[in-house]
Structure formats: structure tokens, C-alpha cells
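Per-entry structural report
Chain residues, written in single-letter form:
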Amino acid sequence: GAIFSKIFKIRHLLDFHGSIPQIMKNFGYARYRSLIYVLEQVERPIINSSHGLITISTDLDTYIRKINDKIPTVIIEDSQNYDFSSIDKERLVSFKLSHPELDGKNIVLYAGTFELYQGLELLLASAELVIKKRENTIFVLAGGRQNQIDTLRESTEKRGIAAHFHFPGNLPIDELALFM
């Protein structure tokens, strides 16, 4: 986007979900200082050439402002506050009746994309350890496209833990709140 902006003399809006150099530091790759330095040298001009930025948190907004405080930014939170007291009690009872597999279980809920970088295969490996200690646990993984759900479901079957997983697909927030 930054390159095309210069070539075609058009505005460049950056949708900034995270700093790759910052992520590398956070995940224990700080020892690769030269690589992090190179990534910072690539990231800075992209940020500085932007005519506007969208971030997903105040932390990222602060990070951007340290690099360039003159770029207009908008924060679109990556999460949503939900008023759980607004859940209709009759709807909750109906939900529980339609999901008997969840009754009395320890529920581990994941809601989000099923992209590889989310680490859901790592979650499945961890689930094996959890299930050994807490057999009464069910993992609810909400989200994903059908082919991604099928791949994860197949992986749970190969691991012998499929009975401990529930894949409801993409859910609106009010339905997701029922799982919570």
C-alpha cells in the first residue's frame, strides 16, 4: 500500500493490527536483533507514509504515536463489551436444553478466526493435557470457515479427543454470550 501510494499518488490507509518487530520481541525472538532492526526499518516508513491509521487497541495507538504523532488514527476495538444481564433467562434455559453435551462440564471457549497464526493446533495439543487432568472438560471453538472447522475436527479425531470438542461455527455476539 505504501509503495502504490507513492507510485499512483493516492492516499494510503493502514489497518494496523500489530507490529511485527514488537510481536517478535513479545514471543521470545529478541535475540534476533538484526532481523528485528530490519523489520523496524521496513515498518517505520510504512507507518510514516500513511495518511491515516486504524488500530485495534489503545496500546497500538500509543505505539504508533511514538513513531509519528501527526498521523490521524482511529481505534476500532478488537473486542466488544457485552451486558450479560441482558440475556433472557428463558433463552438461556432453552440453550442449555438444546446443548446437553455442555451440561455440568468445564467449558474452555475460544472465539475468533481459525487462521494458522491463531495457534489452534497448539490448543489441541494442550487440550490433551487438560483432558488427562480434567476429563470433564469440553472445548468450544467458535468461528472459522467450514474447511477450517473440518480440518480441526479431523485433528481432534486423530488425537482421540473429538468427544471433548464442540464446533458451533460463526456465531453472533448474543449467541456467543450464551456459551460464556
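Heads up: the structure comes first, above all this text.
Residue positions are counted from 1 within each chain, in the order its sequence is given. Local features in this predicted model are restricted to residues of pLDDT 70 or higher, and side-chain atom pairs are both shown and tallied only at a pLDDT of 80 or more, whereas totals for entire chains, interfaces and linings draw on every residue. To get the side-chain values, take all heavy atoms of the structure and skip hydrogens and water.

1. Considering the sheet that holds strand β1 (residues 13-16)
Taken together, the three strands give an open sheet; going across it, the order is β1-β2-β3, and neighbouring strands pair in parallel fashion. A single partner strand is all that each edge strand has here, and the edge strands are β1 and β3 (73-75). With strand direction ignored, the average angle separating the axes of adjacent strands in the sheet is 15°. Alignment of strand β2 (residues 52-55) against β3, held across three bridges, turns out to be parallel. Residue pairing for β3: Ile54 is matched across the bridge by Val74. By definition in these notes, contact holds between two residues if any of their heavy atoms fall within 4.5 Å. Geometry is summarised by axes, namely lines fitted to C-alpha atoms with helices restricted to the contacting stretch, and by angles between N-to-C directions that run from 0 to 180 degrees. Secondary structure elements follow DSSP: runs of H or I no shorter than four residues count as helices, runs of E no shorter than two count as strands, and numbering proceeds from the N terminus. Across the sheet, helix α4 (residues 58-67) touches β1, β2 and β3, and the angle it forms with β3 is around 165°. In this scheme, strands are said to pair when DSSP sees at least two bridges between them.

2. Overview of α4
For the exposure calls, accessible area comes from a 1.4 Å probe over protein chains only, and a residue counts as buried if that area is under 20% of its type's maximum, exposed if over 50%, partly exposed in between. Listed in full, the buried residues belonging to α4 are Leu60, Asp61, Tyr63, Ile64 and Ile67. Down the axis, α4 shows its buried residues gathered within 160° of arc, on one side only. Set apart from the buried face of α4 by more than 90 degrees, the exposed residues are Asp59 and Lys66. Residues of α4 that are buried sit in contact with β1, α2 (20-26), α3 (33-48), β2 and β3. Along the arc lie the directions from the helix axis toward the C-beta atoms.

3. Some details on a nonpolar patch on the surface
The patch calculation keeps residues exceeding 30% relative accessible area without a salt bridge and links them within 9 Å when they carry like charges or within 5 Å when they are nonpolar (Val, Leu, Ile, Met, Phe, Trp, Tyr). Using a 1.4 Å probe, the Shrake-Rupley method yields the accessible areas, and only the shown protein chains count as cover for residues. Salt bridges are counted wherever a side-chain nitrogen of Lys or Arg sits within 4 Å of a carboxyl oxygen of Asp or Glu. Among the surface-exposed residues, Ile3, Phe4, Ile7, Phe8 and Ile10 lie close enough to one another that they form a single nonpolar patch of about 570 Å² accessible area. Tracing the chain through its elements places Ile3 in helix α1 (residues 2-8). For Ile3, a relative accessible area of 62% corresponds to the exposed category.

4. Quick notes on the packing of helix α6 (residues 120-133) against helix α7 (residues 146-159)
Between α6 and α7, the least distance of the axes is 11 Å, while the angle of their chain directions is 30°. As summarised for this structure, α6 and α7 are arranged roughly parallel, according to the angle between their axes. Of the two possible hands of crossing, α6 and α7 adopt the one that is right-handed. Across the interface between the two elements, Leu120, Glu121, Leu124, Ala125 and Glu128 of α6 pack against Leu152, Ser155, Thr156 and Arg159 of α7. Lys, Arg, Asp and Glu make up the charged group, whereas Ala, Val, Leu, Ile, Met, Phe, Trp, Tyr, Cys and Pro make up the nonpolar group; the residues left over, Gly among them, are polar. For the contact of α6 with α7, the residue count by class is four nonpolar, two polar and three charged. Should an angle fall under 35 degrees it is taken as roughly parallel, and over 145 as roughly antiparallel, whereas 65 to 115 is taken as roughly perpendicular and any remaining angle as oblique. Each helix crossing is assigned a hand: it is left-handed if the near helix lies turned anticlockwise from the far helix by less than a right angle, otherwise right-handed if that turn is clockwise.

5. Details of the environment of Ser94
Tracing the sequence through the fold places Ser94 in helix α5 (residues 89-98). In the structure, Ser94 is positioned 50 residues away from Arg44 in sequence and 52 Å away in space, judged by C-alpha atoms.

6. Comments concerning the pairing of strand β5 (residues 137-142)
Within β5, six of the six residues are buried, which leaves it mostly tucked inside the rest of the structure. Where burial is concerned, the two faces of β5 agree: the one with Thr137, Phe139 and Leu141 and the one with Ile138, Val140 and Ala142 are both buried. Of the pairings in the sheet, the one linking strand β4 (residues 106-111) to β5 comprises six bridges and is parallel in character. Paired with Ala111 across the strands is Ala142, a residue of β5. A clockwise path from the first strand over the helix to the second, with the strands pointing away from the viewer, defines a right-handed crossover. Note that the unit made of β4, α6 and β5 has a crossover that is right-handed.

7. Concerning the packing of aromatic side chains
Between 30 and 60 degrees the pair is tilted, below 30 it is stacked and above 60 it is edge-to-face, where a pair is any two Phe, Tyr or Trp rings, Trp via its six-membered ring, whose centres lie within 6.5 Å. The final tally for this structure, using the stated rule, is seven aromatic pairs. Between the aromatic rings of Phe16 and Tyr63, the centroid separation amounts to 6.2 Å while the plane-to-plane angle is 10°, which identifies the pairing as stacked. Of this pair, Phe16 sits in strand β1 while Tyr63 sits in helix α4; the two residues are 47 residues apart in sequence, bridging distant segments of the chain. Taken together, the ring pairs connect Phe139, Phe165 and Phe167 into an aromatic cluster.

8. Quick notes on the sheet that holds β5
Ordered by their spatial adjacency, three strands build an open sheet running β4-β5-β6, and the pairing between neighbours is parallel. Each edge of the open sheet is held by one strand with a lone partner, namely β4 and β6 (165-169). When the angles between neighbouring strand axes are averaged without regard to direction, this sheet yields 20°. Relative to β6, β5 runs parallel, the two being bridged by three bridges. Looking at the pairing, Ala142 lines up with Gly169 of β6.

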